[in-house]
Amino acid sequence: MIKVVVAGFTGEMGQNTVKMVQNTSDFELVGVFAPSAKGKSAADYDLPETTSVYGELQAIDCEADVWIDFTLPDFVYQNVAYAIEQGMRPVVGTTGLTAEQITKLNELIQTNGLGGLIAPNFGMSAVLLMKFAREAAAYFPDAEIIEMHHPNKKDAPSGTAIKTAEMISQVRQPHTQGAEQEKETLPGSRGGDYEGMKIHSVRLPGYVAHEQVLFGAPGEALTIRQDSFDRQSFMTGVRLAVKEVMNLTELTVGLENIL
Ligand SMILES: NC(=O)C1=CN([C@@H]2O[C@H](COP(=O)(O)OP(=O)(O)OC[C@H]3O[C@@H](n4cnc5c(N)ncnc54)[C@H](OP(=O)(O)O)[C@@H]3O)[C@@H](O)[C@H]2O)C=CC1
Ligand SMILES: O=C(O)C1=N[C@H](C(=O)O)C[C@H](O)C1
């Protein structure tokens, strides 16, 4: 039995994750954490009384094997560091961790003899989009990324878009795209810049999580697109990560590394 804590359990992803944990026979939901849950009980959320409900990070004292984090970019580092110090293996979906923070968390994991997984996207369509984009970029070095999400998303660009750009940059020489003397008459029109690639973030009602990578070359173009229409699309990956993290001995980044 793998004992699991879900941090961010009241959020969009947290609610889906709680259901997944409860519906997976070899997982046990031993704790849930969200600031708004301070002073609340399991009964307030229709959770079994064996599930501890926490509203403050430092109060979390339950014995657990895995910490699943779907919180917010501003708090994920402190949450995951605490979880590792409590002996839990992090499965991190929350985006926004810096390279420096990831290095520090990996050192903490090594010190505590654990393993962990960070995945900017647990969806198979997104994992494949990033792999295909890296393959295409070797032949089409001029690319722009458009990510589209629901209007409640706090960070831009998405972690998936940044990971996509990072993977493309493994096979692409940094270079500017567009006119040498281009002028933005409306600031921000050309989007964010990653080694000369442009990244654009769309936030609209009706969208959940979507990304397309546009490649252009003389006389031709290539577009690769993924769509997550429902957050259920992430749950297979999260379930796999919880099982596989028990065998990891370092902090692994990217779901593709455990497929
Ligand atoms: N890797 C992946 O596949 C995916 C990653 N994500 C990422 O997951 C994160 C969450 O997304 P989403 O569920 O839509 O966000 P929501 O805004 O719906 O939920 C955020 C959750 O974080 C909690 N929270 C707020 N502050 C803190 C804190 N200080 N410590 C702990 N928890 C806190 C909220 O609790 P409260 O009730 O107190 O407000 C809430 O439960 C984002 O970073 C997003 O990019 C999203 C989808 C897929
Ligand atoms: O905030 C979201 O919803 C999502 N965030 C992740 C990201 O920033 O890449 C993953 C997915 O796109 C959904």
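All figures in this text were calculated on a predicted structure; none of them were measured in a lab.

Residues in close proximity to ligand 1 total 26 residues, the closest being Thr10, Ser36, Thr95, Ala119 and Phe122. Within the backbone of Met13, an N or O atom sits 2.9 Å from an oxygen atom of ligand 1. In this structure, Ala119 approaches ligand 1 through a main-chain N or O atom, which is 2.8 Å from a nitrogen atom. Against a free-state accessible area of 930 Å², the protein chains account for coverage of 82% of ligand 1. Using a 2 Å cut-off from the grid points, one finds that ligand 1 occupies the largest pocket. Looking at the shell around ligand 1, its residues break down into 13 nonpolar, ten polar and three charged.

Under the UniProt annotation, the feature "binding site: (S)-2,3,4,5-tetrahydrodipicolinate" (unreviewed entry) is placed at His150, Gly159 and Thr160. If you take the residues mentioned a moment ago, the ones lining the largest pocket come down to His150, Gly159 and Thr160. Note on placement: His150 falls in the loop between strand 7 (143-149) and helix 5 (159-169). His150 sits in the buried class, given a relative accessible area of 18%. With near-sequence residues (within four places) excluded, His150 lies in contact with Arg203, Leu204, Tyr207, Val208 and Arg231. Its location among the elements puts Thr160 in helix 5. By relative accessible area, Thr160 is classed as buried at 5%.

One open sheet holds the seven strands; their spatial order is 3-2-1-4-5-6-12, and the pairing between them is parallel. Two strands in the sheet have a free side with no partner beyond their single neighbour: strand 3 (52-54) and strand 12 (251-253). Strand-to-strand twist of the sheet, defined as the mean angle between neighbouring strand axes without regard to direction, takes the value 25 degrees. Inspection of the sheet shows strand 2 (residues 27-33) paired to strand 3 by three bridges, in the parallel sense. Bridge pairing in strand 3 places Val32 opposite Val53. Here helix 3 (residues 99-111) sits on the sheet and contacts strand 5 (89-92), strand 6 (116-118) and strand 12; the angle it forms with strand 12, its principal contact strand, is near 145 degrees.

Reading the values: the criteria
Residues numbered from 1 in each chain as written. Chains lettered and ligands numbered in written order. Predicted model: local features only at pLDDT ≥ 70, side-chain atom pairs only at ≥ 80, totals over all residues. Heavy atoms only, no water. Near = heavy atom within 4 Å. Polar contact = N/O pair within 3.5 Å; in protein donor to acceptor, adjacent residues only side chain to side chain. Areas by Shrake-Rupley, 256 points an atom, 1.4 Å probe, with all protein chains shown as cover. 1 Å grid on protein atoms, 1.4 Å probe; cavity = no way out; pocket = protein on both sides within 12 Å on 5 of 7 lines; lining within 4 Å. Sits in = over half its atoms within 2 Å of the grid points. Nonpolar A, V, L, I, M, F, W, Y, C, P; charged D, E, K, R; others polar. UniProt positions renumbered as here; feature names shortened; annotations may be inferred. Helix = DSSP H or I, 4+ residues; strand = E, 2+ residues; numbered from the N terminus. Buried < 20%, exposed > 50% of the residue type's maximum accessible area, 1.4 Å probe, protein only. Contact = heavy atoms within 4.5 Å. Pairing = 2+ DSSP bridges. Axes fitted to C-alpha atoms, helices over the stretch in contact; angles between N-to-C directions.

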